[in-house]
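Letter by letter, the chains look like this.
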Amino acid sequence: GESVGLHLPTLSVQEGDNSIINCAYSNSASDYFIWYKQESGKGPQFIIDIRSNMDKRQGQRVTVLLNKTVKHLSLQIAATQPGDSAVYFCAENAGYNFNKFYFGSGTKLNVKP
Amino acid sequence: GAGVSQSPRYKVAKRGQDVALRCDPISGHVSLFWYQQALGQGPEFLTYFQNEAQLDKSGLPSDRFFAERPEGSVSTLKIQRTQQEDSAVYLCASSLEVRLGAFFGQGTRLTVV
């Protein structure tokens, strides 16, 4: 089965700094990826997605990078704010299994004021 | 409402009791998903509906778990004869299309005692 994992379970950054959250995946057939943010007691919140025909996609203060060669994606958050403190999950999907998303175990981001 | 709504938010069940968890997806969303999230883990896929059709139930852990979406809108996840290992947060998500980022509800936290 698919395996989506994260390198760092906890990341602490200073307010105003940039954050980088990494995610590795094992299924080379995965072609659609989503980053979710989950605050305590809430459901995951969609942040940004990327398809495999792209290497980079930018949103508001966030950028997702996809490296298909090494099966790695990252989420970059610019000027991290206290409100960014949460657990971040990457989720992957492969076309042959189109309705099933596989989530990693998450990275907790702590933003220090 | 504007988002995915789940009820109840919290449910405590005695072992052996049956429970029913409700999900009201975003109006017009064709795709509906149920996920199970254990403490400190990422969500794990349970089942998927396209309108009223349950197209994938491969993630349901046992035949005690049953989901339905009879009119293609509200969905119910039923767990019969609950066991302690069923304790988790049950998340519902919906999307306009199956391979678009899904919007999650806040989840139902089920505790089996």
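Below is a short write-up of the structure.

The rules we used
Residues numbered from 1 in each chain as written. Chains lettered and ligands numbered in written order. Predicted model: local features only at pLDDT ≥ 70, side-chain atom pairs only at ≥ 80, totals over all residues. Heavy atoms only, no water. Helix = DSSP H or I, 4+ residues; strand = E, 2+ residues; numbered from the N terminus. Contact = heavy atoms within 4.5 Å. Lys, Arg positive; Asp, Glu negative; His and termini not counted. Charge placed at Lys NZ, Arg CZ, Asp CG, Glu CD. Buried area = accessible area lost by both parts, 1.4 Å probe. Salt bridge = Lys/Arg side-chain N within 4 Å of Asp/Glu carboxyl O. Polar contact = N/O pair within 3.5 Å; in protein donor to acceptor, adjacent residues only side chain to side chain. Buried < 20%, exposed > 50% of the residue type's maximum accessible area, 1.4 Å probe, protein only. Phe/Tyr/Trp six-rings, centres within 6.5 Å; stacked < 30°, edge-to-face > 60°. Lys NZ or Arg CZ within 6 Å of the ring centre and 35° of its normal.

### Comments concerning the overall build of chain A
Then step 1. Per the secondary structure count, chain A includes 0 helices and 11 strands.
Then step 2. Order of helices (α) and strands (β) in chain A, N terminus to C terminus: β-β-β-β-β-β-β-β-β-β-β.
Then step 3. Referenced to the eigenvectors of the C-alpha coordinate spread, the extents of chain A come out at roughly 45 × 30 × 20 Å.
Then step 4. Taking all contacts inside chain A whose residues are at least 6 apart in sequence as the whole, residues at least 24 apart take part in 55%.
Then step 5. Mean positive and mean negative side-chain charge positions of chain A (11 and 9 charges, respectively) differ by 1 Å.

### Details of the interface of chain A and chain B
Then step 1. If you look at the interface, chain A gives 23 residues, while chain B gives 21 residues.
Then step 2. Buried area between chain A and chain B, both sides added, is near 1700 Å², and the carbon and sulfur share of it is 52%.
Then step 3. The largest contributions to the chain A side of the interface with chain B come from F98, N99 and F103 of chain A, which together make up 29% of the buried area.
Then step 4. Summed over the shared surface of chain A and chain B, the number is 1 salt bridge.
Then step 5. Between K100 of chain A and D56 of chain B there is a salt bridge, and its shortest N-O distance comes to 3.8 Å.
Then step 6. Between chain A and chain B we count 5 residue pairs in polar contact (both at pLDDT 80 or more) in total.
Then step 7. Mapped by element, the contributors of at least two residues to the side of chain A that touches chain B are β4 (30–38), β5 (45–51) and β9 (86–94) of chain A.
Then step 8. Considering every element that reaches the side of chain A that touches chain B, the biggest residue donor is β4 of chain A, with 5 residues.

### Re the side chain of T80 of chain A
Then step 1. The residue T80 of chain A is located in the loop between β8 (72–77) and β9 in this model.
Then step 2. The contact partners of T80 of chain A, leaving out residues within four places of it in the chain, are V13, E15, G16, D17, N18, S19, R61, L109 and V111 of chain A.

### Remarks on the pattern of salt bridges
All names here are of chain B.
Then step 1. Tallying each qualifying case throughout the model produces 8 salt bridges over all chains.
Then step 2. Of the charged contacts, one joins K78 and E68 as a salt bridge, the two residues approaching to 3.4 Å between their closest N and O atoms. Within this pair, whereas K78 is found in strand β8 (residues 75–79), its partner E68 is found in strand β7 (residues 65–68), the two being separated by 10 residues in sequence.
Then step 3. Classification of E68 as partly exposed rests on a relative accessible area of 27%.

### Side note on the packing of aromatic side chains
Then step 1. In the structure shown here, the tally under the stated rule is 13 aromatic pairs over all chains.
Then step 2. One residue, R51 of chain A, lies across the ring of Y32 of chain A, its end atom 4.1 Å from the ring centre.

### As for the environment of G106 of chain A
Residues and elements named next belong to chain A.
Then step 1. With respect to the helices and strands, G106 occurs in the loop between β10 (102–103) and β11 (107–112).
Then step 2. With a relative accessible area of 9%, G106 lands in the buried category.
Then step 3. In this structure, the C-alpha to C-alpha distance between G106 and K37, residues 69 residues apart in sequence, is 9.2 Å.

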